[in-house]
Amino acid sequence: RRCVQETVIEQQPMVLKVQAPIKIFGDIHGQYSDLMRFFDLWGSPSDNGQEGDIECFDYLFLGDYVDRGSHSLETMCLLLALKIRFPDQIHLLRGNHEDRWINNGFGFSEECATRLGEDPDDEDSVFNRVNQLFDWLPLAAVIEDKIICLHGGIGSTLNYVEEIECLQRPLEVIHEVSTIEQQLVVDILWSDPTDNDSEIGIHANTIRDPNGTGNIVKFGPDRVQQFLDLNNLSMIIRAHECVMDGFERFAAGSLITVFSATDYCQKHKNAGAVLILKKNFEITPKLIYPSSTNVGNWIDDEETLKKRPPTPPRWKNTLPRKSSYE
């Protein structure tokens, strides 16, 4: 059986070509109430003529829709419904949690089993069907030939946008890397910038790769500039890392990280952000802050959390929150 959303997504390319103005969201991680707050405060993708602004803005989501938070099902149902309703204006990229090997252990599988009463291993389970769809999600989007957006980063192997376009779907993420194509996918979904602009080159990512396989790396500002120069681009926008103010600049502003889930795993007290990119390429971040409506995570007992800890934020903000992003 083919679903409408499967047909729509499979017909679109691995690298989307999108236009400004556009709103760009980072990780949501099943925090449906945060997504609703963004829509309530800064406009929603509807055509009702009131709060809706889909006639003025495209919407780009950079992945990690599921896991951790307690409402991955609502988050996915809404985003897929919006994708069906506005297939050329709602853009969904793949994150590292859109991978059954990951979301089988970080909340989505348990949510499907508990709330839907299903066996996630069944061929026709919601869990299985959604993960089949994830294997078709695009890995990147390029905004008007100037800005590339992806979930993680460029790692050590991504040099040209065309390399992403050549990847075949359905795409299974292979974590025990044995080919250059498999490493490329891991770089796109898992890599991070180095801790600051003074750390150049490629470094081990010990937090995400504690076993030292070398498959997950950090890339410096020199790699960012090299990639932009090779592809005649001006900026990278990515998600993947919790940042305390919801967004953070790197490589002298040539890379921006955006993270949309507040108080990640109820541990970090971080803000969430959406980036509003105007037609003239001016970027305005809009923030929301932790709320009592974000109740519960699928991994909430301390012993289990120790085994599957949330990635720590890039930095601990000790300044008054407003002064850190003005």
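### Structural notes on the packing of helix α5 (residues 108-116) against helix α6 (residues 126-134)
Moving on, step 1. At their nearest, the axes of α5 and α6 sit 9 Å apart, and the two run at 140 degrees to each other. Along the contact surface, α5 presents F108, S109, C112 and L116, while α6 presents V126, F127, V130 and N131.
Moving on, step 2. Considering only residue class, the contact of α5 with α6 consists of 6 nonpolar, 2 polar and no charged.

### A few points about the confidence of the model for the protein
Moving on, step 1. Looking at the protein as a whole, its pLDDT mean stands at 91, while 89% of the residues score no less than 70.
Moving on, step 2. Residue range residues 316-326 is modelled with pLDDT below 50. Its contacts to residues more than four positions away, or to other chains, number 17 contacts.

### Comments concerning the packing of aromatic side chains
Moving on, step 1. Applying the stated rule across the entire model yields 8 aromatic pairs.
Moving on, step 2. Ring centres 6.1 Å apart and planes at 85 degrees place the aromatic pair F25 and F39 in the edge-to-face group. Of this pair, F25 sits in strand β2 (residues 22-25) while F39 sits in helix α2 (residues 32-42); the two residues are 14 residues apart in sequence, bridging distant segments of the chain.
Moving on, step 3. Given the relative accessible area of 7%, F39 is considered buried.
Moving on, step 4. Note on Y59 and F61: the rings are 6.5 Å apart at their centroids and 20 degrees apart in plane angle, and the pair reads as stacked.
Moving on, step 5. These aromatic residues form a ring-pair network of at least three members: F25, F38, F39, Y59 and F61.
Moving on, step 6. We note K23 situated over the ring of F57; from NZ or CZ to the ring centre the distance is 5.2 Å.

### Some remarks on the pairing of strand β13 (residues 272-277)
Moving on, step 1. Of all 6 residues in β13, 6 are buried, a share of seventy percent or more.
Moving on, step 2. Neither face of β13 is open: one carries G272, V274 and I276, the other A273, L275 and L277, and all of them are buried.
Moving on, step 3. Of the strand pairs in this sheet, β2 and β13 are connected by 4 bridges, and their pairing is antiparallel. From the neighbouring strand, K23 faces β13, where its bridge partner is I276.
Moving on, step 4. Relative to strand β14 (residues 283-288), β13 runs antiparallel, the two sharing 6 bridges. Note on β14: the bridge partner recorded for G272 is I288.
Moving on, step 5. The hairpin formed by β13 and β14 contains 5 residues between the paired strands, and F281 there has a positive phi angle of roughly 70 degrees.

### Digging into the sheet that holds strand β1 (residues 15-18)
Working definition: the strands of a sheet are paired by backbone hydrogen bonds and lie parallel or antiparallel to each other.
Moving on, step 1. Ordered by their spatial adjacency, 6 strands build an open sheet running β1-β5-β6-β10-β12-β11, and the pairing between neighbours is mixed. For this open sheet the edge positions go to β1 and β11 (247-250), each flanked by a neighbour on one side alone. Here the strands of the sheet are splayed against their neighbours by 20 degrees on average, with no regard to which way each runs.
Moving on, step 2. Where strand β5 (residues 140-143) lies against strand β6 (residues 147-150), 4 bridges are found, and the strand directions are antiparallel. Counted as the bridge partner of I143 is I147 from β6.
Moving on, step 3. Along the sheet, helix α9 (residues 221-231) makes contact with β6, β10 (235-238), β11 and β12 (255-258), crossing β10 at roughly 115 degrees.

### Thoughts on unusual backbone geometry
Moving on, step 1. Between A20 and the following residue, P21, the backbone shows a cis peptide bond with an omega angle of 5 degrees.
Moving on, step 2. Its place among the elements puts P21 in the loop between β1 and β2.
Moving on, step 3. In this model, R169 is joined to P170 through a cis peptide bond whose omega is 5 degrees.
Moving on, step 4. Here P170 is to be found in the loop between α7 (161-165) and α8 (180-190).
Moving on, step 5. Positive phi outside glycine occurs at D145, with the angle close to 60 degrees.
Moving on, step 6. Positive phi is not limited to glycine here, since N232 has a value of about 55 degrees.
Moving on, step 7. As for its placement among the helices and strands, N232 is situated in the loop between α9 and β10.

So, how was this worked out
- Residues numbered from 1 in each chain as written.
- Predicted model: local features only at pLDDT ≥ 70, side-chain atom pairs only at ≥ 80, totals over all residues.
- Heavy atoms only, no water.
- Axes fitted to C-alpha atoms, helices over the stretch in contact; angles between N-to-C directions.
- Helix = DSSP H or I, 4+ residues; strand = E, 2+ residues; numbered from the N terminus.
- Contact = heavy atoms within 4.5 Å.
- Nonpolar A, V, L, I, M, F, W, Y, C, P; charged D, E, K, R; others polar.
- pLDDT = per-residue confidence, 0-100.
- Phe/Tyr/Trp six-rings, centres within 6.5 Å; stacked < 30°, edge-to-face > 60°.
- Buried < 20%, exposed > 50% of the residue type's maximum accessible area, 1.4 Å probe, protein only.
- Lys NZ or Arg CZ within 6 Å of the ring centre and 35° of its normal.
- Pairing = 2+ DSSP bridges.

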